[in-house]
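# Residue-level structural notes
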Amino acid sequence: MRKTDGHESDLICPTGPGKTGESGAPDLNGSRVSARLQRTSGQSPSLRRREAVQPRPVARLDRLLWLLAGMGLLAWTGCRGIPAARESQLRNDLATVTDVYQPGRDRQTLPTLDGEAGLQSYLAHAMLNDPRVRAAYFDWAASVERVTQMRSLPDLRLTFQMDIGEIVSAVMPGLMQEFPGPGKLRLRAEAATAESEARYQRFVEEVLRAAYRVKQAYYRLYFLEDTLRVNREMLRLLAELETIARAQNEAGKVTLQDVLRAQIEQDRIQTEIENLEDSRHPLIAQFKAALGLQADAPAPPLPKRFESTPLDLDADRLLARAYELNPRLKAMAAEVARAEASLRLAYKSRVPDFSAGVMADAKAAPVMVRPAVGMTLPIWRDKIAAEIAQAQAEKGAAEARLSAEEITLAVAFAERMFSYRESERNLKLLLQRLIPKARQSLEVARAGYLAGQIDFFNLIDAERTLLNFQLAEVDARLQRELALAELSLVIVGITPEGAPVLSSRSASDFSPEAQ
């Protein structure tokens, strides 16, 4: 029934609580409706709407799981940053060198070491097998990877926050990303790129020094055989002189003293030959070490054909090439470039860093999103000033080291050029004048001794003079080859054929002028 005033609030249920319907059974549906009306009669409409749309706990859990799954998928798949200015070129350079160098290659694939192979095969074997070269290669490879690290943003940070009172009222997973100040990542990448160039030049320096060590040991072993040959010739000559002295003594022309002097001189030279023979062992050990061979490996034979070091010996042009190609000098220039980038980065310490992120309340319906931003405050001025002063000092030190290396290079170049010119003058003097005259003097002394005009002391002196001149010739040849090898490989930096380095067109230029 409805009252005549017509108000909706005055509805009366046909069957109230405790009443029965037409069938006489209790009206449970009516009771529940009446109870709900009584419970909500004192609530505001907005509260009633929130209760009407309140999600069930299972739905909230599903939404939280979906959010966490999405964040986990993002962390699993990852992202890729933007390459630095020269990062791709650095990786291409590393791949080019790796194709030639092949640090994990089988030793069976190295160039053959036999007497028929030329010196170039030995140099290539050393450059590809020397452990110091391998260490420098991996140092360079590691520095290339560091460029990617320096230009990349910090890792994305996963956050999780809950509001807990009597119940869990909010569950908020989120993501937060830090952003260094403008220009900082670029300058970090520049500094790492310059450091990578310096490491590459150290690698080139080790390659050249490996080739130089092979040449140094090879020339010493080769001229050791010449020294032994000269001493053996003198030993045969002394045996002839002893025979002459015995004949003269038997004829009563000289005393036994001449025979004894000949024997003493033979004993001295025989001992010298034994010492030279014994010196072959450490030289062979040096030769094996230069080739990167282990101590228990058999000694390889020397190349049968002697090879000198071809070099344009115009001093001015050669010194200019040294300033252009020397890897140690180029490494110092790269260190200056790194110090300059570090100084510009130190000035960026005044610029704040930023962070931004978002959190989502998985318990709310609809989902509430809470953005968050942050910024560092570079307020510690003394710390910033100290960073800048440190970078300035490091730059000054790098520039001073570069200047000192230029001076050292000029001095080393002058010394090696003098050594080469000195050995050339000595060779010319010995071959054209001294050795021919010493041979003639020995023949005259022998004839005079047989004629009884001179004593045996003068004859032995003539023999010693010829021996010393011949040994000086061998030493002059050795010093000339060592000077040429050091000029070419260590000072100027001319890479031999087959060296696992970049061509001059591909190599990076980090000179101060280019920067």
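Calculation rules
- Residues numbered from 1 in each chain as written.
- Predicted model: local features only at pLDDT ≥ 70, side-chain atom pairs only at ≥ 80, totals over all residues.
- Heavy atoms only, no water.
- Helix = DSSP H or I, 4+ residues; strand = E, 2+ residues; numbered from the N terminus.
- Buried < 20%, exposed > 50% of the residue type's maximum accessible area, 1.4 Å probe, protein only.
- Salt bridge = Lys/Arg side-chain N within 4 Å of Asp/Glu carboxyl O.

For Gln102, which is not a glycine, the phi torsion comes out positive at approximately 50°. Tracing the backbone shows Gln102 in the loop between α4 (87-101) and α5 (119-129).

Within the element layout of this structure, Asn468 appears in helix α12 (residues 456-492). The exposure class assigned to Asn468 is partly exposed, which follows from its relative accessible area of 46%. The sequence separation of Asn468 and Asn231 amounts to 237 residues, and the corresponding C-alpha distance is 9.8 Å.

Turning our eyes to something else, we now look at the pattern of salt bridges. Taken as a whole and judged by the stated rule, the model has 33 salt bridges. Here Glu190 and Arg344 are joined by a salt bridge, their closest N and O atoms 2.5 Å apart. You can see Glu190 sitting in helix α7 (residues 184-250) and its partner Arg344 sitting in helix α10 (residues 327-347), a full 154 residues away along the chain. One salt bridge connects Glu405 with Arg328, and the closest N-O pair in it is separated by 3.3 Å. Within this pair, whereas Glu405 is found in helix α11 (residues 381-450), its partner Arg328 is found in helix α10, the two being separated by 77 residues in sequence. On the basis of relative accessibility, which here comes to 31%, the residue Arg328 falls in the partly exposed class. Each member of the salt-bridge network shares a partner with another, and the members are Arg202, Glu205, Arg209, Arg328 and Glu405.

The values are spatial; any link to function lies outside them.
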